[in-house]
Amino acid sequence: MIKLFRKTRKSLLMDQKTNRYIKYAVGETLLVIIGILIALQVSNWNKKRMDTNSYNIILSSLVTDLNNDVAELRNLIAVSKYQNEIISRILNNTNIPSESLISIINTLCFNPESFTPNTSSFDILLNYGSFDLLQLKEVSTEVQSLYNSALKINQESYMDRNKLIAEIIRPLIMKSGHVFIDVKNTITIKQIELLELLHTNKELRGHLLELFIINDILITERLDPLNEKFKDVAINLKARSKN
């Protein structure tokens, strides 16, 4: 093609056909410009298509992470509810089967909890600056708000809960001499003495009531609302990935 253009130009110059040469040169230039514009358009189209694919992949990955977080929140809610059921039975002096005592001790003494959301997809986006490339700034704001709420729960509610268990309730029960743990972390108990401790020790029962209140606030004011927010954002992002 280039050889053909050169040959034609040379022929026009040799024949001293200046007007035709100028028209030809202009036409040739226009063809080159049009070719460049087409190439740029194709390049931009390919980049937009790649960005769209990356956008959908990132949203899909975020949705997966958020759904996993929803499952974890449901589990934490169930744990706190179960712990409160046990505390309620103790405080109401409800009959507690002796075979359930070891499980109860595990729940009351050795059950520190916290909520750590899966931020792997979000971290990738931040590290590679994908929010700027893929117009995901509003998504980053939504997701970052969720993670900040989770951090607040860990710093406030769970810190208070776990401190109460580790520093007060567990030592009270262990110092009673009715619960023993060997080197393999196997728990053995004195059933009758432990039941009496749970039903009569006012200091212990007072702290169990405190734990019950912390759990209740944690569930109703923290975990349940946060769980709904995680579900809403996951549904929203899933809908966006389909558009």
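Overview of the structure. (Residues numbered from 1 in each chain as written. Predicted model: local features only at pLDDT ≥ 70, side-chain atom pairs only at ≥ 80, totals over all residues. Heavy atoms only, no water.)

Looking at the overall build of the protein chain
To be explicit about the condition: By the criteria applied, helices consist of DSSP H or I runs no shorter than four residues and strands consist of E runs no shorter than two, each listed in order from the N terminus. Working definition: with a 1.4 Å probe on protein chains only, accessible area under 20% of the residue-type maximum means buried, over 50% means exposed, and in between means partly exposed. A contact between two residues is defined here by any heavy atoms of the two lying within 4.5 Å. Only the protein chains shown count as cover for residues, and all accessible areas are computed by the Shrake-Rupley method using a 1.4 Å probe.
Counting its regular elements, the protein chain contains 8 helices and 2 strands. Counted from the first residue to the last, the protein chain has its helices and strands arranged as α-α-α-α-α-α-β-β-α-α. By residue count, 34% of the 243 residues in the protein chain fall in the buried class. For the protein chain, restricting intrachain contacts to residue pairs at least 6 apart in sequence, the fraction spanning at least 24 positions comes to 77%. As displayed, the protein chain offers around 15,100 Å² of accessible surface, 56% of which is attributable to carbon and sulfur atoms.

Observations concerning helix 7 (residues 191-200)
For clarity, the cut-off: As used here, the arc belongs to the directions running from the helix axis to the C-beta atoms.
Within helix 7 the residues assigned to the buried category are Leu194, Leu195, Leu197 and Leu198. Each buried residue of helix 7 sits inside an arc of 160° when the element is viewed along its axis, so together they form one side.

With respect to the pattern of salt bridges
In a structure, side chains of opposite charge can pair up when their charged atoms sit close to one another. Defined as follows: Note on definitions: salt bridges are taken to be side-chain nitrogens of Lys or Arg within 4 Å of carboxyl oxygens of Asp or Glu.
Within the structure shown, the criterion is met by 2 salt bridges. As a salt-bridge pair, lysine 231 and glutamate 228 come within 3.1 Å of each other at their nearest N and O atoms. Taken together, the residues span about one helical turn, with lysine 231 and glutamate 228 both in helix 8 (residues 202-242) at a distance of 3 residues. According to the relative accessible area criterion, lysine 231 is partly exposed, its value standing at 30%.

Some words on the packing of aromatic side chains
In this description, an aromatic ring pair is defined by two values, namely the gap between the centres and the angle between the planes. The following threshold applies: A pair of aromatic rings is counted whenever rings of Phe, Tyr or Trp (Trp by its six-membered ring) have centres within 6.5 Å, and the orientation is called stacked for planes under 30 degrees apart, edge-to-face for over 60 and tilted otherwise.
Per the counting criterion, the structure on display carries 3 aromatic pairs. With centroids separated by 5.8 Å and ring planes inclined at 80°, the aromatic side chains of phenylalanine 115 and phenylalanine 230 adopt a geometry described as edge-to-face. Of the two residues, phenylalanine 115 is situated in the loop between helix 3 (101-109) and helix 4 (120-128) and phenylalanine 230 in helix 8; the sequence distance between them amounts to 115 residues. Phenylalanine 115 sits in the buried class, given a relative accessible area of 1%. We classify phenylalanine 230 as buried; its relative accessible area is 0%.

Focus on the side chain of serine 157
Stated precisely, the cut-off is as follows: N or O atoms closer than or at 3.5 Å make up a polar contact, with two conditions inside protein: a donor-capable atom paired with an acceptor-capable one, and, for residues adjacent in sequence, both atoms drawn from side chains.
The topology assignment puts serine 157 in helix 6 (residues 137-174). Its relative accessible area of 11% is what places serine 157 among the buried residues. One polar contact links serine 157 to arginine 222, side chain to side chain, over a distance of 3.4 Å.

Quick notes on the nonpolar core
For clarity, the cut-off: For the purposes of this section, nonpolar cores are sets of buried Ala, Val, Leu, Ile, Met, Phe, Trp, Tyr and Cys residues that join through side-chain atoms within 4.5 Å.
Of all hydrophobic cores here, the largest spans 27 residues; its most connected members are Phe230 and Leu237. Among the secondary structure elements, those contributing two or more residues to this core are helix 2 (18-91), helix 4, helix 6 and helix 8. Here the element with the most residues in this core is helix 2; it accounts for 9 residues. In this structure leucine 237 touches Leu59, Leu62, Val63, Leu66, Val139 and Val143, once residues within four positions along its chain are discounted. Core analysis: the next-biggest nonpolar cluster, separate from the first, contains 25 residues, Ile96, Leu108, Ile173 and Ile214 among them.

Notes on a nonpolar patch on the surface
Threshold: Patch building starts from residues that exceed 30% relative accessible area and form no salt bridge, then joins like charges within 9 Å and nonpolar side chains (Val, Leu, Ile, Met, Phe, Trp, Tyr) within 5 Å.
A surface patch of nonpolar side chains, about 250 Å² in accessible area, is lined by Leu209, Ile213 and Ile217. Residue placement: isoleucine 213 occurs in helix 8. Residue class for isoleucine 213 comes out partly exposed when judged on its relative accessible area of 44%.

Quick look at unusual backbone geometry
Phi angles above zero are rare outside glycine, and asparagine 93 is one such case at about 55°. Within the secondary structure, asparagine 93 sits in the loop between helix 2 and helix 3. Within the chain, asparagine 185 stands out as a residue other than glycine whose phi angle is a positive 65°.

Focus on the side chain of arginine 161
Note on placement: arginine 161 falls in helix 6. Reaching out from arginine 161, the side chain makes a polar contact with the side chain of glutamine 83 at a distance of 3.2 Å. Once residues lying within four places of it in the same chain are set aside, the contact partners of arginine 161 are Gln83, Asn111, Pro112, Glu113, Leu211, Ile214, Asn215 and Leu218.

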